Amino acid sequence: MLDIVTLGDEVLRQKAAVVGDIDGSIAKLAENMIRTMQEAPGIGLAAPQVGVLKRMFVCQIEGDKPRVFINPEIIGTSEERGVFEEGCLSIPGIYADVLRPDEISIQAWNERGRPFTLNAGGLLARVIQHEYDHLQGVLFLDHLNQKKSERLEKQYYKSLRA
Ligand code: NI
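Below or above, wherever it landed, is the structure these notes cover. (Residues numbered from 1 in each chain as written. Predicted model: local features only at pLDDT ≥ 70, side-chain atom pairs only at ≥ 80, totals over all residues. Heavy atoms only, no water.)

1. A look at the sheet that holds strand E7 (residues 115–120)
Thinking step 1. Pairing within the open sheet is antiparallel, and its five strands lie in the order E1-E2-E3-E6-E7. Since the sheet does not close on itself, it has two edges, and those belong to strand E1 (44–46) and E7, each with one partner. Taken over all neighbouring pairs, the strand axes of this sheet differ in orientation by 40° on average, direction set aside.
Thinking step 2. Note: strand E3 (residues 67–77) against strand E6 (residues 104–109), five bridges, orientation antiparallel. When the sheet's bridge partners are listed, Thr77 is paired in E6 with Ile104.
Thinking step 3. Helix-sheet contacts for helix H1 (residues 24–39) involve E1, strand E2 (56–59) and E3, and the interaxial angle to E2 is about 40°.
Thinking step 4. Most of the contacts of helix H2 (residues 122–135) go to E2, to which it runs at about 155°, and overall it touches E1, E2, E3, E6 and E7. (Pairing = 2+ DSSP bridges. Helix = DSSP H or I, 4+ residues; strand = E, 2+ residues; numbered from the N terminus. Axes fitted to C-alpha atoms, helices over the stretch in contact; angles between N-to-C directions. Contact = heavy atoms within 4.5 Å.)

Structure representation (structure tokens):
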């Protein structure tokens, strides 16, 4: 189980670097990230959230297999957008409605170094976009208006002192 870093840690605000070789150490990291996500429990986890500034994330929604995305690129998004309540393992206890495209297409490599393209909708598209943001140092709070984002950030820090 890996330690999950939380809001306030600078690593969450940095840009992750492209993964060079998808070797055994990357496969091992993916496996550890999947286990950490499952035990948390959560439905997505990006490498910066475990303090590793590499462009990779994992996700698993109910009824689906665990999925690994290495060096992902979102190559398409639908015009249609929707609101859905999001949370984040790095900001426990805080939730907010976020507006995002309903469907996406993404290109990435899996942990065996195999490239794939995936078209996703629903919750899977939602999680993928949330995790993808983490690779840019972006948190779901950044999608809210500044007032709401600041209020939730305050609420989070207050909850730590309780
Ligand atoms: Ni998150």
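Now, onward.
2. Description of the coordination of the nickel ion
When a metal holds four donors in a tetrahedron, each ideal angle between them is 109.5 degrees; when it holds six in an octahedron, the ideal angles are 90 or 180 degrees.
Thinking step 1. Donor atoms from the polypeptide that coordinate the nickel ion comprise Cys88 (SG), His130 (NE2) and His134 (NE2), at 2.1 to 2.2 Å from the metal.
Thinking step 2. Motif for the nickel ion, donor spacing along one chain: C-x41-H-x3-H. Of this pair, Cys88 sits in the loop between strand E4 (81–86) and strand E5 (96–101) while His134 sits in helix H2, and the two are 46 residues apart along the sequence. With respect to class, Cys88 is no different from His134; both count as buried. (Donors = N, O, S within 2.8 Å, 3.2 Å for Na, K, Ca; no water. Buried < 20%, exposed > 50% of the residue type's maximum accessible area, 1.4 Å probe, protein only.)

3. Details of a nonpolar patch on the surface
Thinking step 1. Taken together, the side chains of Ile43, Phe84 and Leu123 define a hydrophobic patch exposed on the protein surface, amounting to about 240 Å² of accessible area.
Thinking step 2. Relative to the helices and strands, Ile43 resides in the loop between H1 and E1. (Patch = residues over 30% accessible without salt bridge, like charges linked within 9 Å, V, L, I, M, F, W, Y side chains within 5 Å. Areas by Shrake-Rupley, 256 points an atom, 1.4 Å probe, with all protein chains shown as cover. Salt bridge = Lys/Arg side-chain N within 4 Å of Asp/Glu carboxyl O.)

4. Section: H1
Thinking step 1. Taking 1.5 Å of rise per residue, 16 residues should cover 22 Å, and H1 covers 22 Å from first to last C-alpha, within 8% of that figure.
Thinking step 2. Among all positions of H1, only Ile26, Leu29, Ala30, Asn32, Met33, Ile34, Thr36 and Met37 are buried.
Thinking step 3. On its buried face, H1 sits against E1, E2 and E3. (Expected span 1.5 Å × (residues − 1).)

5. Side note on the pattern of salt bridges
Thinking step 1. Per the stated rule, a full pass over the model turns up eight salt bridges.
Thinking step 2. Residue Arg100 is joined to Asp133 by a salt bridge in which the shortest nitrogen-to-oxygen separation is 3.0 Å. In this pair, Arg100 is assigned in strand E5 and Asp133 in helix H2, connecting sequence segments 33 residues apart. Residue Arg100 shares its accessibility class with Asp133, and that shared class is buried.
Thinking step 3. In this structure, Arg112 engages Glu111 in a salt bridge whose closest nitrogen and oxygen atoms are separated by 3.5 Å.
Thinking step 4. Here Glu111 falls in the partly exposed class, since its relative accessible area comes to 26%.
Thinking step 5. Taken together, the shared-partner salt bridges in this structure form one network comprising Glu86, Arg100, Arg126 and Asp133.

It is worth stressing that arrangement in space is one thing and function is another; only the former is reported here.
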